[in-house]
Amino acid sequence: MRLCRISGVEIHLNNAFLALLGLFLVAGVLMKGVIAFTIVLLHELAHVAAARHFDVHVSDIELLPFGGVSRIGGEVVLNPSKEVFVAAAGPTANLMLAGLGTALQRYGLWDADLGPFFLQCNLLVASFNLLPALPLDGARVYRAFLARRVGFKQATYKAAWLGQLWGVLIVLGGTAGLALGVSGLDVLITGLFLLYAATREKSLAPFHFIRHLTQKKEELAAAGVLPGEPLVSLDTVRLGDVLRSFLPQRFHVVLLLDRNWQYRGVVSEAQIVDALLNQGMDIPIGSLIKKKS
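First, a word on scope: everything that follows refers to the structure included in this document.

Reading the values: rules and limits
- Residues numbered from 1 in each chain as written.
- Predicted model: local features only at pLDDT ≥ 70, side-chain atom pairs only at ≥ 80, totals over all residues.
- Heavy atoms only, no water.
- Helix = DSSP H or I, 4+ residues; strand = E, 2+ residues; numbered from the N terminus.
- Buried < 20%, exposed > 50% of the residue type's maximum accessible area, 1.4 Å probe, protein only.
- Contact = heavy atoms within 4.5 Å.
- Areas by Shrake-Rupley, 256 points an atom, 1.4 Å probe, with all protein chains shown as cover.
- Core = buried A, V, L, I, M, F, W, Y, C linked by side-chain atoms within 4.5 Å.
- Phe/Tyr/Trp six-rings, centres within 6.5 Å; stacked < 30°, edge-to-face > 60°.
- Polar contact = N/O pair within 3.5 Å; in protein donor to acceptor, adjacent residues only side chain to side chain.
- Patch = residues over 30% accessible without salt bridge, like charges linked within 9 Å, V, L, I, M, F, W, Y side chains within 5 Å.
- Salt bridge = Lys/Arg side-chain N within 4 Å of Asp/Glu carboxyl O.
- Pairing = 2+ DSSP bridges.
- Axes fitted to C-alpha atoms, helices over the stretch in contact; angles between N-to-C directions.

Moving on to the overall build of the protein. Within the protein one finds 11 helices and 7 strands. Dimensions of the protein along its principal axes, counting C-alpha atoms only, are 75 × 40 × 35 Å. Out of the 293 residues in the protein, the part that is buried amounts to 45%. Of all intrachain contacts in the protein linking residues separated by at least 6 positions in sequence, the fraction that spans at least 24 positions is 61%. With an accessible surface of roughly 14600 Å², the protein has 64% of that area assigned to carbon and sulfur atoms.

Quick look at the environment of E83 now. Note that E83 resides in helix α4 (residues 80-106). Given the relative accessible area of 3%, E83 is considered buried. Note: C-alpha distance between E83 and A51 (32 residues apart in sequence) is 8.8 Å.

On to the nonpolar core. Ranked by size, the top nonpolar core spans 18 residues in total, and within it V9, I11, F17, F37, I61 and L63 carry the most contacts. Breaking this core down by element, the ones donating at least two residues are β2 (9-13), α2 (30-53), β3 (58-64) and α4. Here V9 is in contact with C4, V48, R52, V58, S59, D60 and I61, once residues within four sequence places are set aside. The next biggest cluster of nonpolar side chains, apart from the first, holds 14 residues, and it includes L239, F246, I283 and L288.

With that settled, consider the packing of aromatic side chains. With the rule as written, the count across this model stands at 1 aromatic pair. Plain terms: the ring middles of F54 and F85 are 5.3 Å apart, the flat faces sit at 85 degrees to each other, and that makes the pair edge-to-face. Of the two residues, F54 sits in the loop between α2 and β3 while F85 sits in helix α4, which places them 31 residues apart along the sequence. Taking the relative accessible area as the measure of exposure, F85 reaches 43% and is therefore partly exposed.

This paragraph deals with the side chain of N94. Topologically, N94 is positioned in helix α4. Overall, the relative accessible area of 0% leaves N94 in the buried class. Of the polar contacts made by the side chain of N94, one reaches the side chain of N122; its length is 3.1 Å. With residues up to four places along the chain from it excluded, the contact list for N94 reads I39, H43, N122, V125 and A126.

As a further point, take a nonpolar patch on the surface. Taken together, W161, L165, W166, V168, L169 and L172 make up a surface patch of nonpolar side chains, about 560 Å² in accessible area. Tracing the backbone shows V168 in helix α7 (residues 152-180). In this structure V168 comes out as partly exposed when scored by relative accessible area, which is 37%.

Now for the sheet that holds strand β6 (residues 251-257). Pairing is mixed in the open sheet, where 3 strands are placed in the order β5-β6-β7. The sheet is open, and its two edges are formed by β5 (228-234) and β7 (263-268), each paired on a single side. Strand-to-strand, the axes of this sheet are offset by a mean angle of 20 degrees, without reference to chain direction. Two elements, β6 and β7, share 5 bridges in a ladder whose sense is antiparallel. Paired with V253 across the bridge in β7 is S268.

Here it is in structure tokens:
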């Protein structure tokens, strides 16, 4: 459901978030629901502010039970340094709000019922979003650092797998809590949405990876120079297998050897990307040398 527009960014409420607000209403604590809504919104607006610091376009925000999703330009996802900065902005905002609440308490500007809830909600949103589970902020930081060692695609798969694992654990915990009467439907709903969102992130990994490769060509054209990363490969290896070794913000040059370890030639990342887009991931990298000669 479309709620409003703030500084050119559309704000949408997910149906599950509406259901959560409905639970607050039925329980007679609607004001707590409003506080939770405001905290989640400020969390997402912090991401928007961080993205705009890098002149990255943000189209809309969708508020979910466990936080929200900001539709931020793909250049953030493909740049580890930017992704860490933007991802960390949300939990940082919640911790700052918790600090503000503590200061207000010391000066007596405090509600005995809503004040503790405000603190707990901020700390819960911050700590939950720091879990290393896509699409949560902690996993985006984790992926950014992991991508430097294993490549963007594999890092995304690992972070998404952790998201699925945490989703299952939260669903199991929420189900047990519901049966024992120690928690409500909100925990179960949160686990289900985390499982769904992590699975979706995993399915988008190849798409993001292709964008990552094509954007690097544009970065080289604009900057003129990028740090290089040499690789050595047998000429029979599939393009898809070679791509797994590619790292963010590095331009790769692959030296090819035949089965007798004899030199065949050199292939650049630009050639590999072009062949990937035109012929797919299953062709041997050695075929690029044949086309070249």
